[in-house]
Amino acid sequence: MKKYDFKSIEEKWQKKWDEAGSYNVTERADKPKFYCLEMLPYPSGHLHMGHTRNYSIGDAICRFKRMHGYNVLHPIGFDSFGLPAENAALENNSNPKEWTFKNIDTMRGQFRRLGVSYDWNREVITCKPEYYKWNQWFFLKMLEKGIAYRKKGSLNWCDKCNTVLANEQVENGFCWRHNDTPVIQKELVQWYFRYSDFAEELLQGIDTLEEWPERVVTMQRNWIGKSTGSTVKFKIKGSDKNLAIFTTRIDTIFGVTFMTLAPDHPMIDELVTDNTKLAEIKKFANKVREQNAKKAYDEELEKEGMPTGITAINPFDGTEIPVWVGNFVLMDYGTGAVMAVPGHDQRDYEFAVKYGLDIKTVIVPAKGGTQSEEGKAYTEKGVLVNSGQFDGLSSYDAIDAMNKFAEQKGFGGASVDYKLKDWCLSRQRFWGTPIPVIYCDDCGTVPVPEKDLPVLLPDVNISRQEGNPLASIKEFVETACPKCGKKAKRETDTMDTFIDSSWYQLRYCDAKISEAMINRDAVNYWSPVDLYVGGIEHAVGHLMYFRWFYRRLRDLGLLDGDEPVKRLMTQGMVIKDGAKMSKSKGNVVDPNDMINKYGADTTRLFSLFASPPEKDLEWNEAGVEGLYRFAHRVWNTISAHLDIIKDAQMPDAKTELTEAEQQIRRKTHQTIKKVTSDVEERMHFNTAIAAIMELLNEVSGFDSGKNPNAGPVLREALLNMVMMLAIFAPHISEELFSMITGEEFVIDRKWPEWDDKIAAENKLTIVIQINGKLRSQIEINVGEDKDTVLKMARNDEKASSYFEGFEIVKEIYVPNKLVNFVIKQK
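Residues numbered from 1 in each chain as written. Predicted model: local features only at pLDDT ≥ 70, side-chain atom pairs only at ≥ 80, totals over all residues. Heavy atoms only, no water.

## Some remarks on unusual backbone geometry
Point 1. Omega for the peptide link from Leu 453 to Pro 454 comes to 0 degrees, which places this bond in the cis form.
Point 2. The residue Pro 454 is located in the loop between strand S22 (444–447) and helix H12 (474–477) in this model.
Point 3. For Asn 386, which is not a glycine, the phi torsion comes out positive at approximately 50 degrees.
Point 4. The residue Asn 386 is located in the loop between strand S17 (383–384) and helix H11 (395–409) in this model.
Point 5. For Asn 386, a relative accessible area of 57% corresponds to the exposed category.
Point 6. In this model, Met 683 sits at a positive phi of 55 degrees, which is unusual for a non-glycine residue.
Point 7. Inspection of the secondary structure assignment puts Met 683 in the loop between helix H19 (659–682) and helix H20 (685–700). (Helix = DSSP H or I, 4+ residues; strand = E, 2+ residues; numbered from the N terminus. Buried < 20%, exposed > 50% of the residue type's maximum accessible area, 1.4 Å probe, protein only.)

Take a look at the structure:
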């Protein structure tokens, strides 16, 4: 019997797939399309087991769909700009391009060793000029439309990365790349996209994401953070400035006794004229930043504040109100200012008590309502009191009336607020897309003409220094103004790498196109992505940008449709020793080691079998060894029966079968049905693989020497087993398919079909209870009549032993489930 040599088998079939172009596709009108996409990797050096799981999931679905007659697009590329490459280059005084492409070569080889069915003709590498040219083109289009703009702002800053971070890149006050560096706030002039202008559009679009996980949908809704309320402008005493606030409880506005600003609110510098007081506030602001950087995500800080000396005027009644700063007000939420109503907000109440500020009651419970506890604010809606002309109105009526009043008087009205903030694009790094802007002393900010794109990164070595490495490269910075021709300087910030990953799936549709960002016809054929596989950690970062970018390209007329992804699957993490695999924890398992020891098929099988895809997978090498033994059993079982199945014909309705042969056929058709359902409906590969294992066990217990039609039924069982296994373990399946049929490429065969009549059980197990307690069980024929079943149950040896000295007073039969005998002593 031929030995299972996974190394030679895997090399053989990978070569055959490449030579035949097995996974290369084009647009076809004669087949339904299926676009499967896994989130493209960063070329960090090597794939890890999390990658292996992610790409094995996508590959299994691709192979399944292909065998169901779909025209399947399954591309891959590399998200190759970013800090790790730049930091490696800075450490070695080298070019980040060298590190990046070396790692891409390594990871490309690993993908091939895993046997993932990628169309390599469509590979996209985001750090190549032919790709990032179109990032720049898109930026210019957004600039034309007023969606891209530049402003000074307070931004998240990581000292270790030496760059700005988006809000999505701050995790519990620390940089997402390393949890030992608190994020601080820094004032910088940066480029932005008006992301928040499209908050409502993004929110409405969520309702169409019917095949996205509810958890992701909820996270996006919360991140957008829509609130319906009121905007009110409070005039600043002794100034022509107004302080705008957003509130959802304008009905409590007569109860405002102080206002609170975020410590870094820009109006503080404008309005605080006492330098000593301003210095104290700055010191307080720094303290708050440090507290926020160190605190856990859901940690409640003790409420602290200080007066600013600023006085605001309530526009409803002219009351003068002191303005404070507080550590509980955030500049990036609402307007960075809140009206404080301690009588009706618990946070404000605690602050007022601490600092001895006034507390007013302006809402009382409606008739039959309950007053608040002693020492607590009354926070429910009710009836207005001490509120001038609005006394006696319910909160609901007052909100409407007050909004109309504010609108009539010109100081406010009903409004909607969103937590979503604009997208800061600028990064003070070298290894990214240059922002295509030139600064001229005479002409100001000048966009680079489209004909001059791409603005190329210098192909140079870089070394550690203060500031942005790009700013120190004279040949890059110094240029001529496109308008007047005089000396000018280029923008030296590069783009956030989220730009690169926001449209890459569209470039896969035609990766070679040079005259446009995307091929519109190809994109409209393949889009939207039918299945997108990636981690839940991308819910409010990449996946939000992904959706926004797609819609902006739609607005530019480059594609049709509103949403880029039809179905999203978020896979769990790979866990070892109770923690997510990471180099810092020393618990990383290298897929290369697993492939060398057990083979690619076993490595893939384990990543799919050990857990449902949406759950975390606990690494267990004993489990890998178990799947390795399973692969050997499949090989050995088919090899042992090869002589009788190679030339056998499949059984048909005329074939007379023994009971054992019928059972093999039944199990085969049951397995096809279950595997199909588990993969197609739930993507539960673990239970699908388990079903194939059960079929193998059934075949292993079958005595071919005692059954005249063993050849036909075993051919049906084993050939279908191989065809089902092909989506999980493609190499061994190709070899076994070739051994059985003498043909190549199981991937091109039609997925097995089952017959419900054959799959139906002809035997059922019936439970026997006596006085409601389980005592035995019997096997009956499907459709057996009640009298026969009861007779079989009474005669069951184990059950009848309970009848001695007793008489049966009642017999209960639940068809196809159980028999219950009620007995009593004679």
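## What about the environment of Glu 380?
Point 1. Turning to its location among the elements, Glu 380 is positioned in the loop between strand S16 (363–364) and S17.
Point 2. Considered as a pair, Glu 380 and Ile 104 are 276 residues apart in the sequence and their alpha carbons are 59 Å apart.
Point 3. In this structure Glu 380 touches Arg 249 and Ile 363, once residues within four positions along its chain are discounted. (Contact = heavy atoms within 4.5 Å.)

## Concerning the nonpolar core
Point 1. In terms of nonpolar packing, the biggest core is built from 101 residues, with Phe 139, Phe 193, Trp 423, Met 517, Tyr 532 and Trp 548 touching the most fellow members.
Point 2. Taken domain by domain, this core gets at least three of its residues from each of domain 1 (6–21 + 31–126 + 498–606) and domain 2 (136–195 + 422–495).
Point 3. Once residues within four sequence positions are removed from consideration, Trp 423 is found in contact with Trp 191, Tyr 192, Phe 193, Tyr 195, Asp 496, Phe 498, Ile 499, Ser 502, Tyr 545, Trp 548 and Phe 549.
Point 4. Tyr 4, Phe 630, Trp 635 and Ile 747 belong to the second largest nonpolar core, which has 78 residues in total. (Core = buried A, V, L, I, M, F, W, Y, C linked by side-chain atoms within 4.5 Å. Domains from an automatic or database assignment.)

## With respect to helix H5 (residues 129–144)
A turn of α-helix holds 3.6 residues, and therefore any two residues three or four places apart point the same way.
Point 1. Relative to the 22 Å expected for 16 residues at 1.5 Å per residue, H5 spans 22 Å between its end C-alpha atoms, a close match to the ideal helical length.
Point 2. Along H5, the residues that are buried comprise Tyr 131, Tyr 132, Trp 134, Asn 135, Gln 136, Trp 137, Phe 138, Phe 139, Leu 140, Lys 141 and Met 142.
Point 3. Looking one or two residues beyond H5, the residue adopting positive phi is Gly 146, at roughly 80 degrees. (Expected span 1.5 Å × (residues − 1).)

## Considering the side chain of Arg 666
Point 1. Looking at where Arg 666 falls in the secondary structure, it is placed in helix H19.
Point 2. Those residues in contact with Arg 666, other than ones at most four positions away along the chain, are Ile 758, Ala 759, Ala 760, Glu 761 and Asn 762.

## Comments concerning the pairing of strand S5 (residues 148–158)
Point 1. Here S5 runs beside strand S9 (residues 184–193); their pairing, made up of 10 bridges, is antiparallel. From the neighbouring strand, Trp 157 faces S9, where its bridge partner is Ile 184.
Point 2. Between S5 and strand S6 (residues 163–165), which follow one another and run antiparallel, lie 4 residues, and Asn 162 among them has a positive phi close to 60 degrees. (Pairing = 2+ DSSP bridges.)

## A closer look at the domain arrangement of the protein chain
Point 1. As far as domains go, the protein chain holds domain 1 (6–21 + 31–126 + 498–606), domain 2 (136–195 + 422–495), domain 3 (227–417), domain 4 (623–759) and domain 5 (763–825).
Point 2. Taking the mean C-alpha position of each, domain 3 and domain 5 sit 74 Å from one another.

## A closer look at the packing of helix H2 (residues 49–67) against helix H17 (residues 600–609)
Point 1. Following both chains from N to C, one finds H2 and H17 inclined at 90 degrees, their axes separated by 9 Å at the closest point. The pairing of H2 with H17 is recorded here as roughly perpendicular in orientation. Here Met 49, Thr 52, Arg 53, Ser 56, Ile 57, Asp 59, Ala 60 and Arg 63 of H2 come into contact with H17, specifically with Thr 603, Arg 604, Ser 607 and Leu 608.
Point 2. Its residues assigned to classes, the contact of H2 with H17 shows 4 nonpolar, 4 polar and 4 charged. (Axes fitted to C-alpha atoms, helices over the stretch in contact; angles between N-to-C directions. Parallel < 35°, antiparallel > 145°, perpendicular 65-115°, else oblique. Nonpolar A, V, L, I, M, F, W, Y, C, P; charged D, E, K, R; others polar.)

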